[in-house]
Amino acid sequence: MSKLDERIDVHAGSWVIPTLVFITLGGAFCISLIDAPLITLHARIEAWATIVIALIVQAIPFLVLGILVSSVLSAFVPASVYQRFPRGVFGVPVAALAGMAIPACECASVPVGQSLMRRGVAPSHALVFLLASPAINPVVLVATAVAFNGNPMMVWARFAASLTAACVVGWIWMRVRFTIDGVADDACGHHHHRSWEAFRVTAVQDFLQACGFLVIGAAIAALIKVAVPESALSVVTSNVWLGVAMMVLLAVVMSLCSEADAFVAASFVGVSPIAQLAFMVVGPMVDIKLVFMQVGAFGWRFVLRFVPLVLVAAMLSAVGVGIALL
């Protein structure tokens, strides 16, 4: 019996849990239509719960999109397609630019990157795709242009800094040859005779796994947002480099969708353009909910190597490009 058949047998009833989840969400929506509150919460707890729900609701559509794309790649695309993917040093920027084809946020990029690895794409190239897709896709660039309509160079700066950071990470990962646990190579060279069943099993398994870590990450991000007073944010206007550090910290903590982060960055009118750029470059590559999703997909050992590398590359790229273009 193949690994795929074993997964199908184990998860034959996996649709039950998603169905219960959607029923629960539907019931919660109906309850929300009632004018009188069912439970009275403390103001901070209510704010925390509101932020958690907002982060999850914002991320779920893109997460589902990414999982559907990931499942299609796993179930229907033959391994021979991936074997033609450019490899080596020049394959890294190709993988980064290919990320523009999927207009989704970072929540969608994790399952897609995981699926690419399963199908035999080199981990370094799949990780470059994972980093670049939410940062340089057309939707994000258009949103940035709208948010910074008085500074069109910010769009080019974001594109250049994000692309540079993704490629640097890919080249370093390819050079060091780190291994990634928990990603089995599913490239068998031909279509499975039960492709639709493979699609269903992969989609359900990835959805349940990713949602759990998304909720954990959203809860932690909301807790930090509620706990940190707004007066503490005023220090970002006093020094350029302190502003960069604080905006990077905010990008990691706030865990915004990449399609929306440009409007938040533009709202910090007191900070330098370089600090705003750092916020938009770091956010789609490193944030709390994304870290927990990567833990679920690849494990803690991967995260402890990958996240510091990405954070440093994103910060240096943002500062370098910012000094050159802004």
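Residues numbered from 1 in each chain as written. Predicted model: local features only at pLDDT ≥ 70, side-chain atom pairs only at ≥ 80, totals over all residues. Heavy atoms only, no water.

**Student:** An account of the side chain of Gln-294 is requested, with residue identities and associated values reported.
**Tutor:** Examined against the element boundaries, Gln-294 turns out to sit in helix H14 (residues 288-298). Overall, Gln-294 belongs to the buried group, its relative accessible area being 1%. For Gln-294, the residues in contact, after removing those within four places along its chain, are Val-110, Leu-130, Met-285, Gly-299, Phe-302, Val-303, Phe-306 and Val-307. (Helix = DSSP H or I, 4+ residues; strand = E, 2+ residues; numbered from the N terminus. Buried < 20%, exposed > 50% of the residue type's maximum accessible area, 1.4 Å probe, protein only. Contact = heavy atoms within 4.5 Å.)

**Student:** Mind laying out the packing of helix H5 (residues 91-98) against helix H7 (residues 123-136), listing which residues take part and the relevant values?
**Tutor:** With their axes 7 Å apart at the nearest point, H5 and H7 run at an angle of 35 degrees to one another. Note that H5 runs across H7; the crossing there is right-handed. Of H7, the residues touching H5 (which contributes Gly-91, Val-92, Ala-95, Ala-96 and Ala-98) are His-125, Val-128, Phe-129, Ala-132 and Ile-136. Taken together, the residues of the contact of H5 with H7 sort by class into eight nonpolar, two polar and no charged. (Axes fitted to C-alpha atoms, helices over the stretch in contact; angles between N-to-C directions. Left-handed = near helix turned anticlockwise from the far one by under 90°. Nonpolar A, V, L, I, M, F, W, Y, C, P; charged D, E, K, R; others polar.)

**Student:** Requested: an account of the packing of helix H13 (residues 273-282) against helix H15 (residues 300-325), with residues and values cited.
**Tutor:** Contact geometry for H13 and H15: axes closest at 9 Å, N-to-C directions at 145 degrees. Crossing angle aside, the handedness with which H13 passes H15 is right-handed. Residues Ile-274, Leu-277, Ala-278, Val-281 and Val-282 of H13 touch H15, and the partners they reach there are Leu-311, Ala-314, Met-315, Ala-318, Val-319, Val-321, Gly-322 and Ile-323. By residue class, the composition of the contact of H13 with H15 is 12 nonpolar, one polar and no charged.

**Student:** A description of the packing of aromatic side chains should follow, citing residues and the corresponding values.
**Tutor:** Geometrically, a pair of aromatic rings is defined through the distance of the ring centres and the angle of the planes. Per the counting criterion, the structure on display carries five aromatic pairs. Between the aromatic rings of Phe-302 and Phe-306, the centroid separation amounts to 4.7 Å while the plane-to-plane angle is 20 degrees, which identifies the pairing as stacked. Of the two residues, Phe-302 and Phe-306 are both situated in helix H15; the distance of four residues between them amounts to about one turn of the helix. Judged by relative accessible area, Phe-302 falls into the buried class, the value being 2%. Its relative accessible area of 1% is what places Phe-306 among the buried residues. (Phe/Tyr/Trp six-rings, centres within 6.5 Å; stacked < 30°, edge-to-face > 60°.)

**Student:** Break down the nonpolar core for me, with residues and values.
**Tutor:** Soluble, globular proteins show a tendency: their nonpolar side chains are buried together. Residues Leu-127, Leu-131, Phe-279, Met-285, Phe-298, Phe-302 and Phe-306 are the most contacted members of the largest nonpolar core, which totals 71 residues. With 11 residues, H15 is the single largest residue contributor to this core. Look past the residues within four positions of Phe-306 in its chain and what remains in contact with it is Leu-127, Leu-131, Val-169, Trp-173 and Gln-294. (Core = buried A, V, L, I, M, F, W, Y, C linked by side-chain atoms within 4.5 Å.)

**Student:** Explain the environment of Val-121 to me, and be specific about the residues and the numbers.
**Tutor:** By secondary structure assignment, the location of Val-121 is in the loop between helix H6 (106-118) and H7. Using a relative accessible area of 7% as the deciding quantity, one classes Val-121 as buried. In sequence terms Val-121 and Pro-86 are 35 residues apart; their C-alpha atoms lie 9.4 Å from each other.

**Student:** Describe in detail H14, supporting the description with residues and values.
**Tutor:** A large share of H14 lies buried, amounting to 11 of its 11 residues. Taken together, the buried positions of H14 are Ile-288, Lys-289, Leu-290, Val-291, Phe-292, Met-293, Gln-294, Val-295, Gly-296, Ala-297 and Phe-298. For H14, the N-terminal cap is Asp-287; the gap from its side-chain oxygen to the backbone nitrogen of Lys-289 is 3.2 Å. In the stretch just after H14, Gly-299 is the one whose phi turns positive, near 100 degrees. (Polar contact = N/O pair within 3.5 Å; in protein donor to acceptor, adjacent residues only side chain to side chain.)

**Student:** Mind laying out H7, listing which residues take part and the relevant values?
**Tutor:** Given a rise of 1.5 Å per residue, 14 residues ought to cover 20 Å, and the 20 Å separating the end C-alpha atoms of H7 matches this to within 8%. Of all 14 residues that make up H7, 13 are buried, and the element is covered over most of its length. (Expected span 1.5 Å × (residues − 1).)

**Student:** Please provide a residue-by-residue account of the environment of Val-110, values included.
**Tutor:** For Val-110, the position within the fold is in helix H6. Since its relative accessible area comes to 3%, Val-110 is described here as buried. Aside from chain neighbours lying at most four places away, what touches Val-110 is Leu-130, Leu-290, Met-293, Gln-294, Ala-297 and Phe-298.

**Student:** How would you explain the environment of Leu-316 if you had to name every residue and give the values?
**Tutor:** Within the secondary structure, Leu-316 sits in helix H15. Among the residues examined, Leu-316 registers a relative accessible area of 61% and is labelled exposed. Leu-316 sits 151 residues away from Ala-165 along the chain, and the two C-alpha atoms are 8.1 Å apart.

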